[in-house]
Structure formats: structure tokens, C-alpha cells
Amino acid sequence: MCNLKTVDDLALLFDSFEVGKNTVIEDIIEHVSKANIKQYIQVIEQLRELSSNFSITISKYKSTADTYELKAQLASQLSSELDMQFTEKEHENFDVRISIGQQRVVLAIRLFAKPLHDREYVTHNYLGSLKPTISASLYKMACSKIKDKDKVQLVDNFCGSGTILCESFLQGAEVSGGDVSPEAVKMAGENLKAVGAKDFTLKIESAFSTDWDEAQFNLAISNPPWGEQLEVASMTELYEKSVREYKRILTDDAVLCFIVKKPDLLIKFIKSHFPKHRIESRTISFNGQQPTIVIAYL
């Protein structure tokens, strides 16, 4: 399970409940006190060694719960129950996970020392970089549409620090990429070397006009700038010119996969340059934003 590529994290569920009439904090304290969390120490110890510290990670979505007060009360309660010392900063030993939603609370214990999205190869990140798990998911989704899965030749003309390239390489693709930023291309090269890639090509160039040969690739996956961390003068120009260039360098039956903030605008240009391709789209939630994954294929 620790080798899963498209999952952010894994945890051992010990309770979940609907948000009731009482305050969320009162409900959580009550459910945690009844859970006998100490028994799960032995379960985790079957996977890895534990020290004498524990931590608490709380996430919430559209909830007004006071997480600072909740953590303080739980830290005091669990210190006595677990016979462990609470630590605020380190979350790599015994981590109690609490997820508070609008209607449901989920209580769990992290299985591994680090979250699965924390890849060791990621030593460099560029502005707007995707999570490795999202990059891996994009490749898995796009690759399912490719006719010749035995030889996937992927290009990313907005490669940034190379997360899409790295995750695609780890799943068997031949990867090439480019970016207008020399700094980003350097980061991508370092990250690709860290995952063991050797036969890859990176170029410092605009996505509007590349040096790739015509009909060279059968898969393109890109995370173009959204205009939030990296300023974009014209999203219309960005989509139109980059899709037009992908048309030149991709095979006729190639698959395209983008993650964007303006899917309707992108789809307009995909339909113009790839009129025979079918198009699927799916909106996701990512860091408080809702980008859309667009896949075009024959």
C-alpha cells in the first residue's frame, strides 16, 4: 500500500460520525474518549517502530470548529491515555488524524510515517507545481485512453519542475518536456535524475513554438499556468497557441490531458485543432481551488 501512486495518504479508521446538535468539539472529544486509541499502537507497530511521541493533525472544510482549542483538549486527554508525549511539530510517529466536514467527522491514525504524496525525489518545486498524486492520476487517466500502451511517448511543454514527467516515468512512459523558464527546466532535470530517469529530453523554450519534430509524441499532459501564481497576459492566447503547437508535434491518435481553470475556453481550441477527438472533463478540488481535468482522445 505504501507504493500507491494516486493516493494522498492512508490511515486506519477508528470512528466516523455525523455532525450532531452538540458542538463539534464536544462530539469529537466524546468519540475519541470511547475509542480506546491505545490498542492501535500495537497495530501500527506491526508496520514500523514507534517512539514515545504522538501528534494530532486536524483538517476542516466549511466548519467553524476551533481547531486550536480542540487540539489542546485532545493533547491533554491522549497524553494520559497513551502514556506518550504530545509534540506539535513532528507528525512522523503516532499521528491522530481528524477530518471535520460540514456533515461528517472522520477519526483515524496515519499508517505510515509520512503521507504518500510526500515523494522523496521532490527536491525542487516551481511555482504552480502539482501534487505528485495529482500528476500520477493525470497520467493514469490519460494513459487509459491510449491505443498503444506498450510505448507511451509523453511530452509536457509546460513542464515546470517536472512533476508530471517524473510521475509518468515512474509508470513506464518515455518523457520529454520543455518550459520557458531556465530555472524550471533545471529543477525538472534534477527531479528526473532523482527518480532514476536517464533517457529524457528537456528544452528551454516556449510552448507556443517548440523544437520537437512533427508527430513525435502520442501523449501530452500539461498543467498550464492558471494566472494565480504565475501571471498570464492572455489565457486565450495561452490555450490557442499551445494547443496549436501540440497539434503539430502529436500523432493523429494522440491523447491530450490538461488541468486548467477555464475548461470551456480550452475545449474550444481543442475542438478546433483536434475535431475528431472526443472530450471528457472532470472538476476536482485542489488546495481550495477547483480546476478541471480535460482529456481529448480518439
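The rules behind these values
Residues numbered from 1 in each chain as written. Predicted model: local features only at pLDDT ≥ 70, side-chain atom pairs only at ≥ 80, totals over all residues. Heavy atoms only, no water. Helix = DSSP H or I, 4+ residues; strand = E, 2+ residues; numbered from the N terminus. Buried < 20%, exposed > 50% of the residue type's maximum accessible area, 1.4 Å probe, protein only. Contact = heavy atoms within 4.5 Å. Lys, Arg positive; Asp, Glu negative; His and termini not counted. Charge placed at Lys NZ, Arg CZ, Asp CG, Glu CD. Pairing = 2+ DSSP bridges. Axes fitted to C-alpha atoms, helices over the stretch in contact; angles between N-to-C directions. Right-handed = clockwise from strand over helix to strand, strands pointing away. Expected span 1.5 Å × (residues − 1). Arc of directions from axis to C-beta. Patch = residues over 30% accessible without salt bridge, like charges linked within 9 Å, V, L, I, M, F, W, Y side chains within 5 Å. Areas by Shrake-Rupley, 256 points an atom, 1.4 Å probe, with all protein chains shown as cover. Salt bridge = Lys/Arg side-chain N within 4 Å of Asp/Glu carboxyl O.

Caption draft 1: How the structure looks around the overall build of the protein chain. Helices and strands together make up the secondary structure of the protein chain, namely 8 helices and 12 strands. For the protein chain, the C-alpha atoms occupy an extent of roughly 65 × 40 × 35 Å along the three principal directions. In the protein chain, buried positions account for 48% of the 298 residues. Excluding contacts between residues fewer than 6 apart, the proportion of contacts in the protein chain whose partners are at least 24 apart in sequence is 73%. For the protein chain, the separation between the mean place of its 35 positive charges and that of its 41 negative charges on side chains is 5 Å.

Caption draft 2: A look at the sheet that holds strand β6 (residues 153-156). Judged by pairing direction, the sheet is mixed, and its 7 strands sit side by side in the order β8-β7-β6-β9-β10-β12-β11 without closing on themselves. The sheet is open, and its two edges are formed by β8 (201-204) and β11 (278-283), each paired on a single side. In this sheet, adjacent strand axes meet at a mean angle of 15° when their direction is disregarded. Across 5 bridges, the pairing between strand β9 (residues 217-222) and strand β10 (residues 250-260) is parallel.

Caption draft 3: Structural context of the pairing of strand β7 (residues 174-179). Most of β7 is tucked away, with 5 of its 6 residues classed as buried. Regarding topology, helix α5 (residues 163-170) serves as the crossover connection from β6 to the parallel β7, and that connection is right-handed. As defined by bridge partners, β7 adjoins β8 across 4 bridges and the pair is classed as parallel. Looking at β8, one finds that G177 is bridged to L202.

Caption draft 4: Main features of helix α7 (residues 235-249). Taking 1.5 Å per residue as the helical rise, α7 with its 15 residues ought to reach 21 Å, and the 21 Å between its terminal C-alpha atoms agrees with that figure. Buried within α7 we find M235, L238, Y239, S242, V243, E245, Y246 and I249. Taken around the axis of α7, the buried residues stretch over an arc of 160°, which confines them to a single face. Buried residues along α7 sit in contact with β6, β9, β10 and α8 (263-273).

Caption draft 5: Quick look at a negative patch on the surface. Taken together, the side chains of E90, E92, D118 and E120 make up a negatively charged region of the molecular surface. Along the chain, E92 falls in the loop between β3 (85-86) and β4 (94-100). Residue classification places E92 among the partly exposed residues on the basis of a relative accessible area of 42%.

Caption draft 6: Layout of the pattern of salt bridges. Here the structure, examined in full by the defined rule, presents 13 salt bridges. Between R110 and D9 there is a salt bridge, with its nearest N and O atoms 3.1 Å apart. Pair noted here: R110 is in strand β5 (residues 104-110) and D9 is in the segment before β1 (11-18), with a separation of 101 residues, a long-range link. Relative accessible area serves as the criterion here: at 23%, D9 is assigned to the partly exposed category. Residue K203 pairs with D211 through a salt bridge whose shortest N-O separation is 3.6 Å. Overall, D211 belongs to the exposed group, its relative accessible area being 55%. Taken together, the salt bridges that share partners define one network made up of D9, D95, R97 and R110.

Caption draft 7: Layout of the sheet that holds β3. Here 5 strands make up an open sheet; going across it, the order is β1-β5-β4-β2-β3 and the pairing mixed. Each edge of the sheet is formed by a strand with only one pairing partner; in this case those strands are β1 and β3. Sheet topology places strand β2 (residues 53-60) next to β3; 2 bridges connect them, and they run parallel. Following the sheet pairing, N53 is matched in β3 by Q85. The strands that helix α1 (residues 24-34) touches are β1, β4 and β5; relative to β5, the one it contacts most, it runs at about 45°.

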